[in-house]
Amino acid sequence: MQEKVIIHGGFFSESSTTNEVKVAKQKALKDIVEKTHEYLKMHTAIETVVYAVSLLEDCDLFNAGLGSQIQSDGKIRMSASLMDGVSKKFAGVINIENVKNPIRVAEKLMAYDDRVLGGEGAINFARANNFQFYNPEIPQRRLEYEQKSASKRIGTVGCVAIDKEGRLAAATSTGGKGFEMPGRVSDSATPAGNYATNDCAVSCTGVGEDIVSAALATKIVTRVSDGMMLQQAFEKTFKELAEFDGFAGAIAIDKKGTIYHLDSHPSMVYAYTDGIETFVFK
Ligand code: ASP
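Here is what the cut-offs are and how they apply
The numbering scheme is per chain: residues are counted from 1 as the chain's sequence reads. The predicted origin of the model limits local features to residues at a pLDDT of at least 70 and limits the giving and counting of side-chain atom pairs to 80 or more, whereas totals for whole chains, interfaces and linings rest on all residues. No hydrogens and no water enter the side-chain calculation; it runs on all heavy atoms of the structure. Helix and strand definitions here come from DSSP, where helices need a minimum of 4 consecutive H or I residues and strands a minimum of 2 consecutive E residues; each element is numbered from the N-terminal end. The quantity called the radius of gyration is restricted to C-alpha atoms. Its globule counterpart is 2.2 Å times the number of residues to the power 0.38. The contact criterion used is simple: two residues touch if any of their non-hydrogen atoms lie within 4.5 Å. Note that accessible areas follow from Shrake-Rupley with a 1.4 Å probe, and for residues the cover is restricted to the protein chains shown. Categorising residues by exposure relies on relative accessible area from a 1.4 Å probe, with only protein chains included: less than 20% of the type maximum marks a residue as buried, more than 50% marks it as exposed, and the intermediate range marks it as partly exposed. When DSSP finds two or more bridges between two strands, those strands count as paired. Throughout, the arc means that of the directions going from the helix axis to the C-beta atoms. Nonpolar core, defined: a set of buried Ala, Val, Leu, Ile, Met, Phe, Trp, Tyr and Cys residues in which side-chain atoms within 4.5 Å join the residues together. Salt bridges are counted wherever a side-chain nitrogen of Lys or Arg sits within 4 Å of a carboxyl oxygen of Asp or Glu. Stacked, tilted and edge-to-face pairs are distinguished by plane angle, under 30 degrees for stacked and over 60 for edge-to-face with tilted covering the rest, among Phe, Tyr and Trp rings (Trp via its six-membered ring) whose centres lie within 6.5 Å.

A. Here's a closer look at the overall build of the protein. Regarding its fold elements, the protein presents 8 helices and 12 strands. Taken against the 2.2 N^0.38 rule, which gives 19 Å for 282 residues, the C-alpha radius of gyration of the protein at 17 Å falls within 12% of a compact globule. Dimensions of the protein, computed from C-alpha atoms along their principal axes, come out at roughly 45 × 45 × 35 Å. Within the protein, contacts between residues at least 6 apart in sequence are counted, and of these 68% link residues at least 24 apart. Carbon and sulfur atoms provide 52% of the accessible area of the protein, an area that totals close to 11,700 Å².

Below you can see the structure in the form of C-alpha coordinates.
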(Lines give C-alpha, C1' and ligand atoms only; values in the text may rest on other atoms or scores of the structure.)
Protein backbone atom coordinates (compact mmCIF):
# COMPACT_ATOMS: atom_id res chain seq x y z
CA MET A 1 0.00 0.00 0.00
CA GLN A 2 1.25 3.48 -0.88
CA GLU A 3 1.50 5.59 2.31
CA LYS A 4 -0.76 8.66 2.21
CA VAL A 5 -1.53 11.50 4.55
CA ILE A 6 -4.04 14.36 4.65
CA ILE A 7 -4.08 17.19 7.19
CA HIS A 8 -6.37 20.14 7.87
CA GLY A 9 -5.97 23.43 9.69
CA GLY A 10 -9.62 24.28 10.22
CA PHE A 11 -11.52 26.99 8.39
CA PHE A 12 -10.25 30.09 6.75
CA SER A 13 -12.39 33.16 6.30
CA GLU A 14 -11.54 35.17 3.15
CA SER A 15 -13.22 38.22 4.63
CA SER A 16 -11.29 38.28 7.90
CA THR A 17 -7.88 36.92 6.85
CA THR A 18 -5.07 38.73 5.06
CA ASN A 19 -3.25 37.30 2.08
CA GLU A 20 -0.07 37.02 4.16
CA VAL A 21 -1.85 34.74 6.63
CA LYS A 22 -3.23 32.64 3.78
CA VAL A 23 0.23 32.23 2.22
CA ALA A 24 1.74 31.44 5.63
CA LYS A 25 -0.92 28.74 6.23
CA GLN A 26 -0.34 27.23 2.78
CA LYS A 27 3.39 27.06 3.44
CA ALA A 28 2.97 25.63 6.95
CA LEU A 29 0.56 22.92 5.76
CA LYS A 30 2.84 21.97 2.85
CA ASP A 31 5.89 21.71 5.13
CA ILE A 32 4.01 19.70 7.75
CA VAL A 33 2.34 17.29 5.32
CA GLU A 34 5.66 16.57 3.60
CA LYS A 35 7.51 16.07 6.89
CA THR A 36 4.68 13.82 8.05
CA HIS A 37 4.87 11.71 4.91
CA GLU A 38 8.60 11.16 5.48
CA TYR A 39 7.79 10.12 9.07
CA LEU A 40 5.04 7.77 7.85
CA LYS A 41 7.55 5.75 5.82
CA MET A 42 9.11 4.50 9.09
CA HIS A 43 6.12 4.64 11.45
CA THR A 44 2.59 3.32 11.81
CA ALA A 45 -0.50 5.33 10.90
CA ILE A 46 -1.38 5.94 14.56
CA GLU A 47 2.13 7.17 15.42
CA THR A 48 2.04 9.39 12.35
CA VAL A 49 -1.27 11.15 13.02
CA VAL A 50 0.00 12.07 16.51
CA TYR A 51 3.24 13.38 15.00
CA ALA A 52 1.39 15.54 12.43
CA VAL A 53 -1.07 16.95 14.95
CA SER A 54 1.73 17.79 17.40
CA LEU A 55 3.48 19.79 14.62
CA LEU A 56 0.20 21.58 13.87
CA GLU A 57 -0.30 22.28 17.59
CA ASP A 58 3.18 23.83 17.71
CA CYS A 59 2.38 26.20 14.81
CA ASP A 60 0.69 29.33 16.15
CA LEU A 61 -1.17 29.97 12.88
CA PHE A 62 -3.70 27.32 13.89
CA ASN A 63 -6.22 27.10 16.70
CA ALA A 64 -4.79 24.14 18.60
CA GLY A 65 -1.98 23.91 21.15
CA LEU A 66 0.09 27.11 20.80
CA GLY A 67 -2.22 29.90 19.59
CA SER A 68 -5.47 28.35 20.87
CA GLN A 69 -8.59 30.46 21.25
CA ILE A 70 -9.49 31.98 24.61
CA GLN A 71 -12.78 31.07 26.30
CA SER A 72 -15.31 33.56 27.73
CA ASP A 73 -13.66 33.57 31.16
CA GLY A 74 -10.23 34.42 29.70
CA LYS A 75 -8.78 30.90 29.94
CA ILE A 76 -7.58 28.52 27.24
CA ARG A 77 -8.97 24.98 27.40
CA MET A 78 -7.97 22.52 24.70
CA SER A 79 -9.34 19.18 23.49
CA ALA A 80 -7.69 16.45 21.43
CA SER A 81 -8.27 12.83 20.46
CA LEU A 82 -6.93 10.00 18.37
CA MET A 83 -8.38 6.76 17.09
CA ASP A 84 -6.59 3.69 15.81
CA GLY A 85 -8.52 1.91 13.04
CA VAL A 86 -6.84 -1.42 13.85
CA SER A 87 -7.48 -1.69 17.60
CA LYS A 88 -10.59 0.57 17.41
CA LYS A 89 -9.24 2.33 20.48
CA PHE A 90 -10.25 5.96 20.94
CA ALA A 91 -8.53 8.21 23.50
CA GLY A 92 -8.93 11.89 24.25
CA VAL A 93 -8.59 14.84 26.57
CA ILE A 94 -11.35 17.43 26.98
CA ASN A 95 -10.75 20.98 28.23
CA ILE A 96 -7.16 20.41 29.30
CA GLU A 97 -5.14 23.49 30.37
CA ASN A 98 -1.50 24.57 30.28
CA VAL A 99 0.12 21.71 28.40
CA LYS A 100 2.18 21.95 25.21
CA ASN A 101 0.70 19.11 23.17
CA PRO A 102 -2.79 17.91 24.16
CA ILE A 103 -2.58 15.20 21.46
CA ARG A 104 0.45 13.68 23.23
CA VAL A 105 -1.53 13.47 26.48
CA ALA A 106 -4.35 11.73 24.57
CA GLU A 107 -1.79 9.36 23.03
CA LYS A 108 -0.54 8.46 26.50
CA LEU A 109 -4.11 7.54 27.52
CA MET A 110 -4.26 4.85 24.80
CA ALA A 111 -2.54 2.45 27.21
CA TYR A 112 -5.15 2.92 29.97
CA ASP A 113 -8.62 1.54 30.65
CA ASP A 114 -9.93 5.07 31.23
CA ARG A 115 -9.16 6.68 27.92
CA VAL A 116 -11.12 9.94 27.79
CA LEU A 117 -10.38 12.42 30.57
CA GLY A 118 -11.84 15.87 31.10
CA GLY A 119 -10.81 19.06 32.90
CA GLU A 120 -8.93 18.63 36.15
CA GLY A 121 -8.56 14.88 35.70
CA ALA A 122 -6.87 15.41 32.35
CA ILE A 123 -4.56 18.08 33.78
CA ASN A 124 -3.60 15.88 36.75
CA PHE A 125 -2.94 12.93 34.44
CA ALA A 126 -0.71 15.13 32.26
CA ARG A 127 1.32 16.40 35.23
CA ALA A 128 1.70 12.85 36.59
CA ASN A 129 3.10 11.89 33.19
CA ASN A 130 5.68 14.68 33.06
CA PHE A 131 3.85 17.17 30.88
CA GLN A 132 5.23 20.40 32.32
CA PHE A 133 3.28 23.63 32.77
CA TYR A 134 3.11 25.42 29.40
CA ASN A 135 1.10 28.52 28.52
CA PRO A 136 -0.26 28.20 24.94
CA GLU A 137 -1.45 31.83 24.76
CA ILE A 138 -0.08 34.18 22.08
CA PRO A 139 -0.56 38.01 22.05
CA GLN A 140 -2.72 37.90 18.87
CA ARG A 141 -5.34 35.66 20.55
CA ARG A 142 -5.42 37.92 23.62
CA LEU A 143 -6.00 40.91 21.34
CA GLU A 144 -8.85 39.12 19.55
CA TYR A 145 -10.31 38.12 22.89
CA GLU A 146 -10.20 41.74 24.04
CA GLN A 147 -11.78 42.87 20.76
CA LYS A 148 -14.24 39.95 20.92
CA SER A 149 -13.42 38.98 17.33
CA ALA A 150 -12.41 35.33 17.70
CA SER A 151 -15.72 33.90 16.51
CA LYS A 152 -14.70 34.47 12.87
CA ARG A 153 -11.68 32.21 13.22
CA ILE A 154 -12.82 28.64 13.45
CA GLY A 155 -9.78 26.41 13.12
CA THR A 156 -9.13 23.00 14.54
CA VAL A 157 -6.29 20.80 13.23
CA GLY A 158 -6.39 17.16 12.21
CA CYS A 159 -4.65 14.36 10.36
CA VAL A 160 -5.67 11.09 8.71
CA ALA A 161 -3.07 8.58 7.50
CA ILE A 162 -2.79 5.18 5.87
CA ASP A 163 0.50 3.34 6.32
CA LYS A 164 2.20 0.78 4.09
CA GLU A 165 0.39 -2.07 5.86
CA GLY A 166 -2.95 -0.39 5.06
CA ARG A 167 -3.59 0.63 8.67
CA LEU A 168 -5.74 3.73 9.15
CA ALA A 169 -5.77 6.30 11.97
CA ALA A 170 -7.14 9.78 12.73
CA ALA A 171 -6.20 12.53 15.21
CA THR A 172 -7.76 15.93 15.91
CA SER A 173 -6.91 18.83 18.24
CA THR A 174 -8.63 22.14 18.99
CA GLY A 175 -8.59 25.31 21.04
CA GLY A 176 -12.39 25.38 20.65
CA LYS A 177 -14.69 28.05 19.21
CA GLY A 178 -13.46 31.01 21.23
CA PHE A 179 -15.61 32.81 23.85
CA GLU A 180 -17.38 29.58 24.73
CA MET A 181 -18.84 28.98 28.18
CA PRO A 182 -16.36 27.24 30.49
CA GLY A 183 -17.29 23.56 30.51
CA ARG A 184 -18.45 23.50 26.88
CA VAL A 185 -17.39 20.22 25.23
CA SER A 186 -15.99 20.38 21.68
CA ASP A 187 -16.62 17.66 19.09
CA SER A 188 -12.89 17.19 18.59
CA ALA A 189 -12.49 14.64 21.39
CA THR A 190 -15.67 12.72 20.47
CA PRO A 191 -16.30 10.08 17.78
CA ALA A 192 -18.41 12.69 15.93
CA GLY A 193 -15.27 14.74 15.27
CA ASN A 194 -12.65 12.01 15.01
CA TYR A 195 -13.24 8.39 14.05
CA ALA A 196 -11.39 5.47 12.45
CA THR A 197 -11.87 1.78 11.66
CA ASN A 198 -10.14 -0.63 9.27
CA ASP A 199 -12.38 0.74 6.51
CA CYS A 200 -12.05 4.50 6.82
CA ALA A 201 -10.68 7.30 9.03
CA VAL A 202 -12.07 10.85 9.37
CA SER A 203 -11.11 14.11 11.15
CA CYS A 204 -13.53 17.06 11.28
CA THR A 205 -13.51 20.79 11.90
CA GLY A 206 -16.25 23.41 12.15
CA VAL A 207 -18.94 24.20 14.69
CA GLY A 208 -18.70 21.43 17.27
CA GLU A 209 -22.39 21.44 18.07
CA ASP A 210 -23.23 20.89 14.36
CA ILE A 211 -20.63 18.12 14.04
CA VAL A 212 -22.07 16.34 17.07
CA SER A 213 -25.66 16.78 15.82
CA ALA A 214 -24.65 15.25 12.48
CA ALA A 215 -22.46 12.55 14.11
CA LEU A 216 -20.30 13.51 11.15
CA ALA A 217 -17.14 11.35 11.32
CA THR A 218 -18.96 8.29 12.64
CA LYS A 219 -21.61 8.42 9.94
CA ILE A 220 -19.11 8.78 7.10
CA VAL A 221 -17.06 5.83 8.38
CA THR A 222 -20.13 3.64 9.00
CA ARG A 223 -21.47 4.32 5.53
CA VAL A 224 -18.15 3.31 3.99
CA SER A 225 -18.10 0.13 6.12
CA ASP A 226 -21.61 -0.64 4.89
CA GLY A 227 -20.40 -0.52 1.30
CA MET A 228 -20.81 3.06 0.13
CA MET A 229 -18.04 4.73 -1.88
CA LEU A 230 -16.15 7.36 0.15
CA GLN A 231 -17.38 10.28 -1.95
CA GLN A 232 -21.03 9.15 -1.73
CA ALA A 233 -20.70 8.66 2.03
CA PHE A 234 -19.47 12.26 2.31
CA GLU A 235 -22.19 13.62 0.05
CA LYS A 236 -25.02 11.89 1.90
CA THR A 237 -23.68 12.91 5.31
CA PHE A 238 -23.10 16.54 4.27
CA LYS A 239 -26.63 16.65 2.78
CA GLU A 240 -27.95 15.73 6.21
CA LEU A 241 -25.73 18.42 7.76
CA ALA A 242 -27.13 20.99 5.30
CA GLU A 243 -30.69 20.19 6.45
CA PHE A 244 -29.99 22.22 9.58
CA ASP A 245 -27.41 24.53 7.97
CA GLY A 246 -24.59 22.84 9.85
CA PHE A 247 -21.09 24.25 9.46
CA ALA A 248 -18.32 21.67 9.10
CA GLY A 249 -15.50 20.23 7.06
CA ALA A 250 -13.88 16.80 7.08
CA ILE A 251 -10.88 14.94 5.69
CA ALA A 252 -10.71 11.17 5.13
CA ILE A 253 -8.88 8.18 3.71
CA ASP A 254 -10.50 4.77 3.05
CA LYS A 255 -8.86 1.33 3.08
CA LYS A 256 -8.24 1.47 -0.69
CA GLY A 257 -6.20 4.64 -0.13
CA THR A 258 -8.83 6.99 -1.56
CA ILE A 259 -8.40 10.50 -0.14
CA TYR A 260 -11.41 12.81 0.14
CA HIS A 261 -12.39 16.08 1.79
CA LEU A 262 -15.46 18.29 1.79
CA ASP A 263 -16.67 21.42 3.52
CA SER A 264 -20.14 22.86 3.97
CA HIS A 265 -18.99 26.47 3.68
CA PRO A 266 -15.85 27.91 2.09
CA SER A 267 -13.22 27.03 2.92
CA MET A 268 -11.41 24.44 4.99
CA VAL A 269 -7.63 24.61 4.72
CA TYR A 270 -5.92 21.29 4.01
CA ALA A 271 -3.01 19.56 2.33
CA TYR A 272 -2.36 15.99 1.28
CA THR A 273 0.41 13.93 -0.24
CA ASP A 274 1.22 10.43 -1.39
CA GLY A 275 4.91 11.28 -1.55
CA ILE A 276 4.74 11.86 -5.30
CA GLU A 277 2.42 14.83 -5.47
CA THR A 278 1.45 17.31 -2.77
CA PHE A 279 -1.77 19.34 -2.93
CA VAL A 280 -2.35 22.40 -0.78
CA PHE A 281 -5.60 24.36 -0.54
CA LYS A 282 -5.79 27.31 -2.98
N1 ASP B 1 -14.76 21.93 16.13
C2 ASP B 1 -14.16 22.86 17.05
C3 ASP B 1 -15.09 23.12 18.19
O4 ASP B 1 -16.26 23.31 17.98
C5 ASP B 1 -13.79 24.16 16.45
C6 ASP B 1 -13.15 24.10 15.12
O7 ASP B 1 -13.15 23.11 14.44
O8 ASP B 1 -12.61 25.11 14.72
O9 ASP B 1 -14.62 23.18 19.29
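B. Representation of the pairing of strand β2 (residues 78-84) in the model. Burial within β2 is extensive, with 7 of its 7 residues counted as buried. Burial along β2 is two-sided: Met78, Ala80, Leu82 and Asp84 facing one way and Ser79, Ser81 and Met83 facing the other are all buried. As paired elements, β2 and strand β3 (residues 90-96) share 5 bridges and run antiparallel to each other. In the strand pairing of β3, Met78 is matched with Ile96.

C. Representation of helix α5 (residues 139-147) within the structure. Considered for burial, the residues of α5 that qualify are Arg141, Glu144 and Tyr145. Angular distribution of buried residues about the axis of α5 spans 100°; they occupy a single face of the element. With respect to the buried face of α5, the exposed residues turned more than 90 degrees away are Pro139, Glu146 and Gln147. One or two residues past the end of α5 sits Lys148, with phi positive at roughly 50°.

D. Inspection of the nonpolar core at higher detail. Among the nonpolar cores identified, the biggest contains 48 residues, and Ile7, Leu29, Phe62, Leu82, Ile96 and Val105 are the most heavily contacted of them. Among the elements that take part in this core, helix α2 (residues 45-58) stands out by supplying 7 residues, more than any other. Setting aside anything within four residues of it in sequence, one finds Leu82 in contact with Ile46, Val50, Lys89, Phe90, Ala91, Ile103, Ala106, Glu107, Met110, Ala170, Ala171 and Asn194. Core analysis: the second largest hydrophobic core is formed by 20 residues, Cys200, Leu230, Ala252 and Tyr260 among them.

E. A look at helix α4 (residues 119-128). Within the sequence span of α4, burial applies to Ala122, Ile123, Phe125 and Ala126. Relative to the axis of α4, the buried residues are bounded by an arc of 160° and lie together on one face. Opposite the buried face of α4, by more than 90 degrees, sit the exposed residues Glu120 and Ala128. Considering only its buried residues, α4 is in contact with β3, α3 (102-109) and β4 (116-118). At the exit of α4 stands Asn130, carrying a positive phi of roughly 70°.

F. Up close: the pattern of salt bridges. As enumerated under the stated definition, the model contains 16 salt bridges in all. Here Glu34 and Lys30 are joined by a salt bridge, their closest N and O atoms 3.3 Å apart. On the criterion of helical spacing, the pair formed by Glu34 and Lys30 is a turn pair, its members being 4 residues apart in helix α1 (residues 19-40). On the basis of relative accessibility, which here comes to 31%, the residue Glu34 falls in the partly exposed class.

G. Quick look at the packing of aromatic side chains. Taken as a whole and judged by the stated rule, the model has 8 aromatic pairs. Taking 3.9 Å as the distance between ring centres and 0° as the angle between the ring planes, the aromatic pair formed by Tyr39 and Tyr51 counts as stacked. Here Tyr51 lies in helix α2 and Tyr39 lies in helix α1, a separation of 12 residues in the sequence. A relative accessible area of 18% places Tyr51 in the buried class. Through pairs of rings, three or more aromatic residues link up here, namely Phe234, Phe238 and Tyr260.

H. Structural view of the pairing of strand β9 (residues 248-254). Burial within β9 is extensive, with 7 of its 7 residues counted as buried. Because side chains alternate across β9, one face comprises the buried residues Ala248, Ala250, Ala252 and Asp254, and the other comprises Gly249, Ile251 and Ile253, equally buried. As judged from the 7 bridges shared by strand β8 (residues 200-206) and β9, these two strands associate in the antiparallel manner. Note on β9: the bridge partner recorded for Gly206 is Ala248. Bridge count for β9 against strand β10 (residues 259-263) is 5 bridges, and the pairing is antiparallel. Paired with Ala252 across the strands is Tyr260, a residue of β10. As consecutive antiparallel partners, β9 and β10 are separated by 4 residues, and within that stretch Gly257 has a phi angle of approximately 90°, a positive value.

None of this, on its own, says anything about what the molecule does.
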